[in-house]
2 protein chains.
Amino acid sequence: MSSTEDLDYPQTILEYNSGFLVSKVMFTACELGVFDLLLESGGPLSSDAIAAHLGTSTTGMERLLDACVGLKLLAVELTQEGALYRNTEISNIYLTKSSPKSQYHIMMYYSNTVYLCWHYLADAVREGRNQYERAFGVSSKDPFGAMYRSEEEMLKFMAGQNSVWSICGRDVLAAFDLSPFRQICDLGGGGGALARECVSLYPNSTVTIYDLPKVMQVAKEQFIPPEEHRITFHEGDFFKDSIPEAELYILSKILHDWEDDKCRQLLAKVHKACKPGGGVLLVESLLNEDKSGPLETQLYSMNMLVQTEGKERTAAEYSKLLEAAGFGEVQVKRTGKLYDAVLGRK
Amino acid sequence: MSSTEDLDYPQTILEYNSGFLVSKVMFTACELGVFDLLLESGGPLSSDAIAAHLGTSTTGMERLLDACVGLKLLAVELTQEGALYRNTEISNIYLTKSSPKSQYHIMMYYSNTVYLCWHYLADAVREGRNQYERAFGVSSKDPFGAMYRSEEEMLKFMAGQNSVWSICGRDVLAAFDLSPFRQICDLGGGGGALARECVSLYPNSTVTIYDLPKVMQVAKEQFIPPEEHRITFHEGDFFKDSIPEAELYILSKILHDWEDDKCRQLLAKVHKACKPGGGVLLVESLLNEDKSGPLETQLYSMNMLVQTEGKERTAAEYSKLLEAAGFGEVQVKRTGKLYDAVLGRK
């Protein structure tokens, strides 16, 4: 829709207006298990059958299914026995829990946590800080204390991050040839999906995931199979505790959580621990230098305001942070997907 | 983005995921007065100047402005003094409070009320009913009691509806030649924007707005200028009280609030009061008969679940309701915008 057409009737603005309706329809169909049921059923089902299976009202379910048809997440066929619904291909791949590329967990995190924080976006802009206090009654001062305020919330967050790497992990790790680095440390590596992708793509590498003790506990128990001997764990707080020596440090979606001072402090610590000839790989969503986009990254930068102490940055800003910490030969690779890669060398 | 491309990378799903971020960025820039300030300033402003004028943090404002640039609601120019922001044309027309086509009020209603009700969409689908209780702690049993739970909320709703008619009113009233009807009754006509559009389009008509006493009070005081003698007011509850005689009844976005039984009851009452040769004009967003769309209407039907006792319907469903009440010669006109028109004759 061109801007000229919009001057007569604000189609684009109406679409923005309905954005949250669209998100919540998809999130809710995921949460109620619509796509899982239709994958398992082996054939199309009526709205009444789906409502009965999932224990919902029929009047609510029928409308939810029809809205999913409008979003092309479901297809409907009108038969003599009434309307029958089935998954579209993208729903089978991305919206069912069992799919290797499932986005289910990140959607549950968005739907139940992020959505409510964003209800207070105007307050976040006024105050310039995150909104855990208004949204969940927990202190805004320690973002990760707030995000991990219960084991359930921590699990949702870790599983959600793992979903992201199931669609973006390979691209960021293949952006540069990392095969010269054998000993890799994934700082704040959480649920470990990126570490698993790394040892799969670089079979001669070993990866140490470094994260808070309670995060490592859950990662070992729930996310990393014990037979995966190329992945080890290191418990600690990378701001307070020492960082082990390694050839390559991966900081994926870490710097965007923190203000410049803390980023510089962390990178200096990484530089000190890094073996000569080693490097650091930043995995972040990069803003254009001219502030024009990408839209997704601009929105994520707002989310950093609402949920953390950080922001999204341009490639030049990351390069500057790396260089201030002593890293050189900085290279930037945009992947065309959500996350990009920046490599610095010691 | 075609579905085949989405199989490799779920661009469409990621856009749906970010839908609520997009809505809230636009709503928040409206709420904080960004577009109003940039309209009044007469020239582009820096992020710092905007933050200072509007009393917000600079870190939050800069990101909000940049996200608006990504949404093409603002334009940015990089100058020697830094980035300067200005409104785009659609923002001047639709997002400033003072514009005759302003959508500001409907956005504030969406952002502060509807957004929070939709946080409980999964519950609404499970239970098949509206979510005022979870969202606002007020009883779900009387939707308009809940919607008008304070004068402030009622005002927001009325002003919001008026914004809708500022962009869709003329089309629904011009869908049929209504000039033969001189004496018109707008049932549940609220803030009166549609009534004003009606006397402007049909200069020989008079319109009686029929609504609850507290709604009529506010309409008289705040929305309808006293010099508009072609508009009169009738206080009442159209389910409980009598309906005055008229040649044409307008029911705009009324039937979609109620279940079939109540619609039949109301239409029968309207038919009885209607002068012979008169008619009824339903203004509603029509679903396609094959359940395929339009998406916007499917989403609104979900909103009816979350906020009312009703739903959106197809043209055939409205025709059936009209015919059951005794109306005939039913004609349907789709406008191509949000709301369509259905005319029945007595």
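An unreviewed UniProt entry annotates chain A as Acetylserotonin O-methyltransferase originating from Nipponia nippon. We quote the UniProt Function (unreviewed entry) comment for chain A here in full: "Catalyzes the transfer of a methyl group onto N-acetylserotonin, producing melatonin (N-acetyl-5-methoxytryptamine)." Turning to chain A, the UniProt record has this under Pathway (unreviewed entry): "Aromatic compound metabolism; melatonin biosynthesis; melatonin from serotonin: step 1/2."

## Looking at the packing of helix 12 (residues 151-174) of chain A against helix 14 (residues 213-223) of chain A
Residues and elements named next belong to chain A. Between helix 12 and helix 14, the least distance of the axes is 11 Å, while the angle of their chain directions is 65 degrees. The handedness of the crossing between helix 12 and helix 14 comes out as right-handed. From helix 12, E151, M154, L155, M158, A159 and N162 reach across to helix 14, where they touch K214, V215, V218, A219, Q222 and F223. Residue classes in the contact of helix 12 with helix 14 are distributed as eight nonpolar, two polar and two charged.

## Examining the interface of chain B and chain A
Each side of the interface is counted separately: chain B has 81 residues, and chain A has 82 residues. Between chain B and chain A, the buried area comes to about 7,400 Å², and carbon and sulfur atoms account for 69% of it. If you sort the residues of chain B by the area they bury against chain A, Y16, R63 and K291 of chain B come out on top, with a joint share of 11%. Between the two partners, chain B and chain A, sit six salt bridges. On the surface where chain B and chain A come into contact, there are 43 residue pairs in polar contact (both at pLDDT 80 or more). It is helix 3 (residues 19-32) of chain B that provides the largest number of residues to the side of chain B that touches chain A, a total of 12 residues. Here the residues of the side of chain B that touches chain A are counted per class, giving 46 nonpolar, 19 polar and 16 charged.

## What about the environment of Y9 of chain B?
Looking at the secondary structure, you find Y9 of chain B in the loop between helix 1 (3-8) and helix 2 (11-17). Exposure remark for Y9 of chain B: the relative accessible area of 10% places this residue in the buried category. The residues contacting Y9 of chain B, other than those within four sequence positions of it, are Y94, I167, C168, K337 and L338 of chain A together with L14 of chain B. Within the structure, the side chain of Y9 of chain B is placed 2.9 Å from the backbone nitrogen of L338 of chain A, a separation counted as a polar contact.

## Points about the UniProt feature "domain: O-methyltransferase dimerisation" (unreviewed entry) in chain A
Residues given the UniProt feature "domain: O-methyltransferase dimerisation" (unreviewed entry) here are residues 15-96 of chain A. Secondary structure content for residues 15-96 of chain A is 63% helix and 17% strand, and the end C-alpha separation is 26 Å.

## Here we look at the relation of the copies chain B and chain A
Superposition record for chain B on chain A: RMSD 0.0 Å, screw rotation 180 degrees, translation along axis 0.0 Å. Taken together, the turn and the small shift mark the pair as related by a two-fold rotation axis. Both copies present the same face, since 100% of the interface residues in chain B are matched by interface residues at the equivalent positions in chain A.

## So, the sheet that holds strand 3 (residues 82-87) of chain B
All names here are of chain B. Reading across the sheet, the three strands line up as 1-3-2 and stay open at both edges, with antiparallel pairing between neighbours. Both edges of this open sheet fall to strand 1 (45-46) and strand 2 (74-79), since each of them pairs with a single strand only. Pairing analysis gives two bridges linking strand 1 to strand 3, with the strands arranged antiparallel. Bridged to L45 within strand 3 is Y85. Strand contacts of helix 6 (residues 58-70): strand 2 and strand 3, with the helix running at about 115 degrees to strand 2, the strand carrying the most contacts.

## Thoughts on the domain arrangement of chain A
All names here are of chain A. Per the domain assignment, the segments of chain A are domain 1 (11-95) and domain 2 (103-345). For domain 1 and domain 2, the distance between their C-alpha centres works out to 33 Å. Between domain 1 and domain 2, the residue contacts involve eight residues of the former and nine residues of the latter. On the surface where domain 1 and domain 2 come into contact, there are zero salt bridges. Across the contact surface, domain 1 and domain 2 share two residue pairs in polar contact (both at pLDDT 80 or more). Here the side of domain 1 that touches domain 2 gets six residues from one element, more than from any other, and that element is helix 3 (residues 19-32). Taken together, the residues of the side of domain 1 that touches domain 2 sort by class into six nonpolar, no polar and two charged.

Here is what the cut-offs are and how they apply
- Residues numbered from 1 in each chain as written.
- Chains lettered and ligands numbered in written order.
- Predicted model: local features only at pLDDT ≥ 70, side-chain atom pairs only at ≥ 80, totals over all residues.
- Heavy atoms only, no water.
- UniProt positions renumbered as here; feature names shortened; annotations may be inferred.
- Axes fitted to C-alpha atoms, helices over the stretch in contact; angles between N-to-C directions.
- Helix = DSSP H or I, 4+ residues; strand = E, 2+ residues; numbered from the N terminus.
- Left-handed = near helix turned anticlockwise from the far one by under 90°.
- Contact = heavy atoms within 4.5 Å.
- Nonpolar A, V, L, I, M, F, W, Y, C, P; charged D, E, K, R; others polar.
- Buried area = accessible area lost by both parts, 1.4 Å probe.
- Salt bridge = Lys/Arg side-chain N within 4 Å of Asp/Glu carboxyl O.
- Polar contact = N/O pair within 3.5 Å; in protein donor to acceptor, adjacent residues only side chain to side chain.
- Buried < 20%, exposed > 50% of the residue type's maximum accessible area, 1.4 Å probe, protein only.
- Least-squares fit on C-alpha atoms with pLDDT ≥ 70 in both.
- Pairing = 2+ DSSP bridges.
- Domains from an automatic or database assignment.

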